[in-house]
Amino acid sequence: MIKIRRPRSTQPIPEHAKVAFSGGMFDLYQWEQEMYDGTTEIFEKVKRHYDTVNIIPVTEDGHILIAEEQQPCTDPFIALIGGRIDEGEDPIDCAKRELREEAGFEAGELIIWNAYQPAGSKVDWAVYNFIAKQCKKVGDQMLDPGERIQIREVNFEEFWKAMLDERFRSHDVELMLLRMTQSPGELEEFKALLFN
């Protein structure tokens, strides 16, 4: 199995930074940073305890799976299947687990599409995007107590429309796909990756 390297933060937390707050999902680090004029300022950065995966699953008959979801304290939203990587878990194993738990599907082939750190330089958090091909239903969903997920099978045009819906929560993926429309052939290459 290929080991996927964690993407580097554009603003790494310095070794001398101190944890100012430690929560269940995030730690807040602070440090003194010298400015260009010689003065110092307090800088802050949040480190997320768990990185996450997103999966774009394509079924054996060429449909894309998307999730209509609700969690406690949220309005209903549309998202890609995915979730947080457990401690010590490889991103590929997490993608397989999340696809099975949230959708009841397994992939014939799992491809890493990209990995990046979102949210500018203020959050240390890696996201791994996968394309799952030749997906087939293998059982019922196994949802966490705080998840309500309805899986929809859609064609590419319906996927594109869902991605443009204001309730779509995978904003970085949305931006990547919209940027593809500005580069000749890039969107077609992505569709070929999904369906060939």
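Everything below is about the structure printed above this text.
Parameters at a glance
- Residues numbered from 1 in each chain as written.
- Predicted model: local features only at pLDDT ≥ 70, side-chain atom pairs only at ≥ 80, totals over all residues.
- Heavy atoms only, no water.
- Phe/Tyr/Trp six-rings, centres within 6.5 Å; stacked < 30°, edge-to-face > 60°.
- Helix = DSSP H or I, 4+ residues; strand = E, 2+ residues; numbered from the N terminus.
- Buried < 20%, exposed > 50% of the residue type's maximum accessible area, 1.4 Å probe, protein only.
- Pairing = 2+ DSSP bridges.
- Polar contact = N/O pair within 3.5 Å; in protein donor to acceptor, adjacent residues only side chain to side chain.
- Contact = heavy atoms within 4.5 Å.

Draft legend 1. Looking closely at the packing of aromatic side chains. The final tally for this structure, using the stated rule, is five aromatic pairs. A ring pair is formed by W31 and F43, whose centres lie 6.1 Å apart and whose planes are at 50°; its orientation type is tilted. A residue pair is termed long-range when its members are at least 10 positions apart, and W31 in strand β2 (residues 26–34) and F43 in strand β3 (residues 40–48) qualify at 12 residues. By relative accessible area, which is 4% here, W31 ends up buried.

Draft legend 2. Summary view of unusual backbone geometry. In the Ramachandran plot, C73 falls in the positive-phi region, its phi being about 70° despite a non-glycine side chain. Tracing the sequence through the fold places C73 in the loop between β5 (64–70) and β6 (77–79).

Draft legend 3. Representation of the sheet that holds β3 in the model. Pairing is mixed in the open sheet, where four strands are placed in the order β1-β2-β3-β10. Both edges of this open sheet fall to β1 (18–22) and β10 (123–124), since each of them pairs with a single strand only. As judged from the four bridges shared by β1 and β2, these two strands associate in the antiparallel manner. When the bridges of β2 are listed, V19 appears paired with Y29.

Draft legend 4. Here's a closer look at the side chain of E89. Mapped onto the elements, E89 comes out in the loop between β7 (81–84) and α1 (91–103). A polar contact is formed between the side chain of E89 and the side chain of R97, at a distance of 2.9 Å. What E89 contacts, discounting residues up to four positions off in sequence, is R84, C94 and R97.

Draft legend 5. Local environment of the pairing of β5. Burial analysis of β5 places five of its seven residues in the buried class, the great majority of the element. Here β5 runs beside strand β12 (residues 148–154); their pairing, made up of seven bridges, is antiparallel. Bridge pairing in β12 links E68 to Q150. Of the strand pairs in this sheet, β5 and β6 are connected by three bridges, and their pairing is antiparallel. Along β6, the bridge assignment pairs E69 with F77. Counting the residues that bridge the hairpin from β5 to β6 gives six residues, and of these C73 lies at a positive phi of roughly 70°.

Draft legend 6. Molecular detail of the environment of E68. Locating E68 in the fold gives a position in strand β5. You can call E68 partly exposed: its relative accessible area is 27%. Ignoring sequence-local partners within four residues, the contact set of E68 consists of F77, I78, R148, I149, Q150 and R152. Within polar-contact distance, the side chain of E68 engages the side chain of R152 at 2.8 Å.

Draft legend 7. Up close: the pairing of strand β4 (residues 52–59). Across the eight residues that make up β4, a large majority, eight, are buried. As defined by bridge partners, β4 adjoins β7 across four bridges and the pair is classed as antiparallel. Paired with N54 across the strands is G82, a residue of β7. Sheet topology note: the β4/strand β11 (residues 127–137) ladder contains seven bridges and is parallel.

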